[in-house]
Amino acid sequence: MKLLAHGQVVSKSRVPAHGQVLRIRLHADGDTQPASPGEDCGDGRCGLIKRSTDLYEVVAFHLDRVLGLNRSLPAVARRFSSPILPYSYTNGVPRPLIWWAPDVQHLEDTNNDQNSCALGWLQYQEMLRSHSVAPVAGDMACASIQRGEWGRLALFDFLLQVHDRLDRYCCGFEPDASEPCVEEMLHEKCRNPSELFLVHILVRPHAPSRLVFIDNAGQPQQPEAKLNFRLLQGIDSFPETAVAMLRSGCLAHRLLKSLYMDQELWESQGGAAGLWPLLQVLERRGQILLWYLQEHNLTVSLPHNGQ
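For every chain, the first residue of its written sequence is number 1, and the numbers climb from 1 along that sequence. Restriction of local features to residues with pLDDT of at least 70 applies here, the model being predicted, together with a cutoff of 80 or more for giving and counting side-chain atom pairs; totals for whole chains, interfaces and linings are based on all residues. In computing side-chain values, all of the structure's heavy atoms are included and hydrogens and water are not.

### Some details on the state of the cysteines
Short version of the rule: Cysteine sulfur atoms are paired as a disulfide whenever they fall within 2.5 Å. Here the term buried applies to any residue with accessible area under 20% of the maximum for its type, exposed to any over 50%, and partly exposed to those in between, with areas from a 1.4 Å probe on protein chains only.
In total, this model carries 3 disulfides according to the counting rule given. Bridging Cys41 to Cys46, the disulfide has an S-S length of 2.0 Å. Of note, the bridge from Cys41 to Cys46 carries an S-S torsion of about -80 degrees and is left-handed in sense. Here Cys41 and Cys46 have matching classes, each one buried. Note that Cys171 is cross-linked by a disulfide to Cys190, the S-S spacing being 2.0 Å. Because the sign of the S-S torsion sets the handedness, a value of about -95 degrees for the bond joining Cys171 and Cys190 places this disulfide among the left-handed ones.

### Examining the pairing of strand 5 (residues 95-99)
Going by this rule: The helix count covers DSSP runs of H or I at least four residues long, the strand count covers runs of E at least two residues long, and both are numbered beginning at the N terminus. Being paired, for any two strands, means DSSP has found at least two bridges between them.
Counting buried positions over the 5 residues of strand 5 gives 4, a clear majority of the element. Bridge analysis of strand 3 (residues 46-49) against strand 5 gives 3 bridges, and the strand direction is antiparallel. Residue pairing in the sheet places Gly47 in a bridge with Trp99 of strand 5. Here 4 bridges tie strand 4 (residues 75-78) to strand 5, and the two strands are oriented antiparallel to one another. Bridge pairing in strand 5 places Val76 opposite Leu97.

### Concerning unusual backbone geometry
Despite not being glycine, Cys170 has its phi angle at roughly 60 degrees, a positive value. By secondary structure assignment, the location of Cys170 is in the loop between helix 6 (164-167) and helix 7 (180-183). Phi angles above zero are rare outside glycine, and Asn297 is one such case at about 55 degrees. Along the polypeptide, Asn297 turns up in the loop between helix 11 (271-295) and strand 9 (299-301). Here Asn297 falls in the exposed class, since its relative accessible area comes to 68%.

### A word on the pattern of salt bridges
Where we set the bar: We define a salt bridge as a contact between a side-chain nitrogen of Lys or Arg and a carboxyl oxygen of Asp or Glu at a distance within 4 Å.
Going through the model one piece at a time under the given rule, you end up with 16 salt bridges. Among the salt bridges present, the one from Arg152 reaches Glu149, with a minimum N-O distance of 2.8 Å. Pair noted here: Arg152 and Glu149 are both in helix 5 (residues 148-160), with a separation of 3 residues, about one helical turn. Given the relative accessible area of 0%, Glu149 is considered buried. Several salt bridges share partner residues, and in doing so they unite Arg25, Asp43 and Arg45 into one network.

Pasting the structure below:
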């Protein structure tokens, strides 16, 4: 977190097929290794600068930690002044900076490199129904993911209304014309579930049983009437620690305390008064999720060791 918030920018590079993000290499004060702009990011000293409109992803990181999920990559808000960066990145507007995890596993298929394994919606639902851990024969990346991970992911994505992973086609609500799923004509595929696939299903080789959550900005303005309950479909158990936090009624206050640690975000959003309406939205969604659990008689799962 200190590296992301204060590290000196020593180089930059574009990420293929992701024109609106910039990868930077950072050097921290007191780092015994010299700053080496030419090195790749295999040593964990890089971050992704995203759009200023994605600052919600920093809130998502703090939500992940407050709920005890621990699946999101570290994220901070930061203003940049380095001459290495394009002017649009140094205009004084804070942007989210996300830690670049060098060991996230990606498929070699260039059309599906945002996944560690290929998983269709129907395969995913069948896996949940049968309590199987191997949705695709021979695909060890998917087979290794523990069942409880899907409950973590569904809870997290519902609170944030992240559609990209489980419902990038917006099949669970009626999208506005400006939604990417409409502009890219993905919504039309909802009529044929066999054409629907999950996206950003990622793991790391040293921890193949645990998902890695990326691109977590979500939809802070999604109205209650359009909440996407499809994100919860097929899930019969949710993580106990996270559900306990929702039941406590303290989620917004705990988040506020956590977000205070990121002073760049705190000040840019107007402090507690500016952040409070957003946190109340998350609190309210949490209460709706608790109602959903009760209505469907769903359970909570105890955390596994090391999870």
